[in-house]
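Reading the structure
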Amino acid sequence: MPELVADPEWRSLDIDDLMKGLDTQRSNPGRIRVPLWEEVVAGLPAGYPVPKNPTRIKWTLVCMGYQPELAIAWSACTRAFGEEAKQDRVFEESLFWVVTREIHCFY
């Protein structure tokens, strides 16, 4: 049986604390401007298929807007890994959040 990791700081937070933290994060001004979807599409490499629906995910807009070649390569890599690893999607997403929490990542 896995050992329970006791993190008193994390476990002491309730939903109100988490919502306040989320509001604080939302109110912070960004360090860089988030490009508009139209700007992202205009900067895509020639021949790259434009998604039918615009994305509102800021992380994607920033990556695709500022470094489309790198963002496209990264997405292709992660998609290929996902197809080859055949991981359970819930496990995969949960692992992402566990790792980002452990390294105190901002998202």
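1. Observations concerning the environment of R56
- Mapped onto the elements, R56 comes out in the loop between α3 (37-42) and α4 (58-66).
- Residue R56 is classed as exposed on the basis of its relative accessible area of 77%.
- Separated by 20 residues in sequence, R56 and L36 place their C-alpha atoms 8.9 Å apart.

2. Quick word on unusual backbone geometry
- You will see that K86, though not glycine, has its phi angle at about 50°, which is positive.
- Here K86 shows up in the loop between α5 (68-85) and α6 (89-102).

3. Notes on the environment of P68
- Here P68 lies in helix α5.
- Classification of P68 as buried rests on a relative accessible area of 8%.
- The sequence separation of P68 and V41 amounts to 27 residues, and the corresponding C-alpha distance is 9.6 Å.
- Excluding its chain neighbours within four sequence positions, the residues that come into contact with P68 are G43, L44, P45 and C63.

4. Comments concerning the packing of α4 against α5
- Between α4 and α5, the least distance of the axes is 5 Å, while the angle of their chain directions is 125°. For the element pair α4 / α5, the angle class is oblique. In this structure, α4 contributes C63, M64, G65 and Y66 to the contact, and α5 contributes P68, A71 and I72.
- When grouped by side-chain class, the residues that make up the contact of α4 with α5 number six nonpolar, one polar and no charged.

5. Re the packing of aromatic side chains
- Taken as a whole and assessed by the stated rule, the structure comprises one aromatic pair.
- Ring centres of F96 and W97 lie 4.8 Å apart, and the angle between their planes is 80°; this geometry places the pair in the edge-to-face category.
- On the basis of relative accessibility, which here comes to 35%, the residue F96 falls in the partly exposed class.
- A residue is classified by how much of its surface remains accessible, and W97, at 45% relative accessible area, is partly exposed.

6. Considering α4
- Considered for burial, the residues of α4 that qualify are L61, V62 and M64.
- On the buried face of α4, the contacting elements are α3 and α5.

7. Quick look at the side chain of T55
- Position of T55 among the secondary structure elements: in the loop between α3 and α4.
- You can call T55 buried: its relative accessible area is 18%.
- Polar side-chain contacts of T55 include one of 3.2 Å to the backbone nitrogen of I57.
- The contacts of T55, once residues within four sequence positions are left out, are W37, T60 and L61.

So, how was this worked out
- Residues numbered from 1 in each chain as written.
- Predicted model: local features only at pLDDT ≥ 70, side-chain atom pairs only at ≥ 80, totals over all residues.
- Heavy atoms only, no water.
- Helix = DSSP H or I, 4+ residues; strand = E, 2+ residues; numbered from the N terminus.
- Buried < 20%, exposed > 50% of the residue type's maximum accessible area, 1.4 Å probe, protein only.
- Contact = heavy atoms within 4.5 Å.
- Axes fitted to C-alpha atoms, helices over the stretch in contact; angles between N-to-C directions.
- Parallel < 35°, antiparallel > 145°, perpendicular 65-115°, else oblique.
- Nonpolar A, V, L, I, M, F, W, Y, C, P; charged D, E, K, R; others polar.
- Phe/Tyr/Trp six-rings, centres within 6.5 Å; stacked < 30°, edge-to-face > 60°.
- Polar contact = N/O pair within 3.5 Å; in protein donor to acceptor, adjacent residues only side chain to side chain.

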